[in-house]
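So you can see what is in the structure, the chains are spelled out below.
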Amino acid sequence: MNEQRIRWDDLQIVWAITESGTLSGAGRRLGISHATVFRRLTDMEARLGVTLFERSRTGYAPTLAGEDLAAVANRVEADIVGAERRLAGKDLKLSGTIRVTTTDTLFTGLLAPIFAEFRTNYPEISLEVVISNQVHSLSKREADVAIRPTQNPPETLVGRRIGSIEQAVYGCGEHWKSEATPLGELDRHPWVGPDKHMGNSALETWMTKQGLDERCRYRLDSMFGMKTAIKHGPDLAVLPCYLGDNTSDLRRLTDPLEELATPLWILTHPDLRRVSRIRAFTREIGEGVRGAWI
């Protein structure tokens, strides 16, 4: 196999077919048509004189040669992403774009006004905010900065803890007139809890330990959903204090629950930590979060 005949475009084709198992899936990944993928694959195999995929009714399976090129494609992509990060790390200007990932509740309940102030102070920096409860990879440049609650931030990232998210029990103000109700007096009432797809294992475990599973006949897969649910009935729910305290028709019924306190981190990739706009962003947002909680 003559390596001089292999182009980066070829490697992308092999990688996309290997990952998806079909020509149409590869086309969707690369943003090209099914026919274009077929033509380029056929041309590549003719040029290289090898069969890269075994065709069957169920799809395309890579041959040994195909697996070899797919592995090369992964290494080349990693090298390109690494080079992009290193080049970005040399950017010393307070301009450019920062792609930030955070959760929907954090953005709405805490970060939106802090981001607005940052944009006022740094008008040449553009923000792209990925509102998602899914973790995006900072290593693959899906995001530059992550602002997320976690007990164990990934060792591959750098950053700092900027606060602690406290949680407490809330109920609708129309049904709950008094505050500071002992938790033991609340276990007889109906509860709203997290659905398993929400991925809040800490809250699920806490509710089980408190014996509340049988009292929980209403589950949702988002904190916003849980907050909305208890606004319309006598049910109780555990919510982040930054969300519950800022909702006028909800009442906090307990002190913050120590077992559910979670550190809030702002994280970035090591290659980006010296980029001036990233440093400015992490500093300003960290100060803004701490100021909001004082």
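First, a word on scope: everything that follows refers to the structure included in this document. Owing to the predicted nature of the structure, the values given are computational and were not obtained by experimental measurement.

Comments concerning the overall build of the protein
- Tallying secondary structure elements over the protein gives 9 helices and 12 strands in all.
- When each of the 294 residues of the protein is scored for burial, the buried share is 43%.
- Summarising the internal contacts of the protein: among those between residues at least 6 apart in sequence, 74% fall at separations of at least 24.
- Looking at the protein as shown, the accessible area adds up to about 16000 Å², and 48% of this sits on carbon and sulfur atoms.

Quick notes on helix α1 (residues 8-20)
- Over its 13 residues, α1 extends 18 Å from the first C-alpha to the last, a length consistent with the 18 Å expected when each residue adds 1.5 Å.
- The complete set of buried residues in α1 reads Asp10, Leu11, Ile13, Val14, Ala16 and Ile17.
- Taken from the residues just after α1, glycine 21 is the one with a positive phi, measuring 80°.

With respect to the sheet that holds strand β6 (residues 158-165)
- In spatial order, the strands read β4-β3-β5-β12-β6; together these 5 strands make up an open sheet with mixed pairing. Edge strands, defined here as strands with exactly one partner in the open sheet, are β4 (125-131) and β6. In this sheet, adjacent strand axes meet at a mean angle of 20° when their direction is disregarded.
- Lying on the sheet, helix α5 (residues 104-121) is in contact with β3 (96-102), β4, β5 (145-149), β6 and β12 (262-268); it crosses β4 at an angle near 180°.
- Taken strand by strand, helix α9 (residues 276-293) contacts β3, β4, β5, β6 and β12, and its axis lies near 15° from that of β6.

Overview of the pattern of salt bridges
- All chains considered together, the criterion is met by 9 salt bridges.
- The partner of arginine 47 in a salt bridge is aspartate 43, and the shortest N-O contact between them spans 3.2 Å. In this pair, arginine 47 and aspartate 43 both sit in helix α3 (residues 34-48), 4 residues apart, roughly one turn of the helix.
- For the salt bridge of arginine 252 with aspartate 245, the shortest nitrogen-to-oxygen distance reads 2.5 Å.

Observations regarding the packing of α1 against helix α2 (residues 23-30)
- With their axes 8 Å apart at the nearest point, α1 and α2 run at an angle of 120° to one another. Relative to α2, the element α1 lies oblique. Crossing hand, α1 versus α2: right-handed. Facing Gln12, Ile13, Trp15, Ala16, Ile17, Glu19 and Ser20 of α1, the residues of α2 in contact are Leu23, Gly25, Ala26, Arg29 and Leu30.
- Split by residue class, the contact of α1 with α2 holds 7 nonpolar, 3 polar and 2 charged.

Observations regarding the environment of leucine 236
- Mapped onto the fold, leucine 236 is located in strand β10 (residues 236-240).
- Judged by its relative accessible area of 0%, leucine 236 falls in the buried class.
- Between the C-alpha atoms of leucine 236 and aspartate 187, which are 49 residues apart in sequence, the distance is 9.5 Å.
- Setting aside residues no more than four positions away along its own chain, leucine 236 makes contact with Val169, Tyr170, Gly171, Trp176, Leu186, His189, Pro190, Trp191, Val192, Ile230 and Leu253.

A look at the pairing of β12
- When you tally the buried positions in β12, you get 6 out of 7 residues, the bulk of the element.
- Where β6 and β12 come together, 7 bridges link them in antiparallel fashion. Note that in β12 the partner of serine 164 across the bridge is proline 263.

Side note on the packing of aromatic side chains
- Applying the stated criterion across every chain yields a total of 6 aromatic pairs.
- Here the aromatic cluster, defined as three or more aromatic residues joined through ring pairs, consists of Phe107, Phe115, Phe118, Tyr122 and Phe281.

A few points about the packing of α1 against α3
- Packing of α1 against α3 leaves a shortest axis separation of 10 Å and a crossing angle of 115°. Between α1 and α3 lies a crossing whose hand is left-handed. Where α1 approaches α3, its residues Asp9, Asp10, Ile13, Val14 and Ile17 are matched on the opposing element by Val37, Arg40, Leu41, Met44 and Arg47.
- When its residues are assigned to classes, the contact of α1 with α3 shows 6 nonpolar, no polar and 4 charged.

Some thoughts on the pairing of β5
- By the criterion of burial, β5 is predominantly enclosed, with 4 of the 5 residues buried.
- Summarising the sheet, β3 and β5 pair through 3 bridges and their orientation is parallel. By the bridge assignment for β5, threonine 102 is matched with isoleucine 147.
- Both β5 and β12 contribute to a ladder of 5 bridges, which runs antiparallel. The partner of isoleucine 147 across the bridge, within β12, is isoleucine 266.

Brief notes about the side chain of threonine 105
- By the secondary structure assignment, threonine 105 is in helix α5.
- Under the relative-accessibility criterion, threonine 105 is labelled buried at 6%.
- In terms of polar contacts, threonine 105 uses its side chain to reach the side chain of threonine 103, at 3.4 Å.

Rules and cut-offs
- Residues numbered from 1 in each chain as written.
- Predicted model: local features only at pLDDT ≥ 70, side-chain atom pairs only at ≥ 80, totals over all residues.
- Heavy atoms only, no water.
- Helix = DSSP H or I, 4+ residues; strand = E, 2+ residues; numbered from the N terminus.
- Buried < 20%, exposed > 50% of the residue type's maximum accessible area, 1.4 Å probe, protein only.
- Contact = heavy atoms within 4.5 Å.
- Areas by Shrake-Rupley, 256 points an atom, 1.4 Å probe, with all protein chains shown as cover.
- Expected span 1.5 Å × (residues − 1).
- Pairing = 2+ DSSP bridges.
- Axes fitted to C-alpha atoms, helices over the stretch in contact; angles between N-to-C directions.
- Salt bridge = Lys/Arg side-chain N within 4 Å of Asp/Glu carboxyl O.
- Parallel < 35°, antiparallel > 145°, perpendicular 65-115°, else oblique.
- Left-handed = near helix turned anticlockwise from the far one by under 90°.
- Nonpolar A, V, L, I, M, F, W, Y, C, P; charged D, E, K, R; others polar.
- Phe/Tyr/Trp six-rings, centres within 6.5 Å; stacked < 30°, edge-to-face > 60°.
- Polar contact = N/O pair within 3.5 Å; in protein donor to acceptor, adjacent residues only side chain to side chain.

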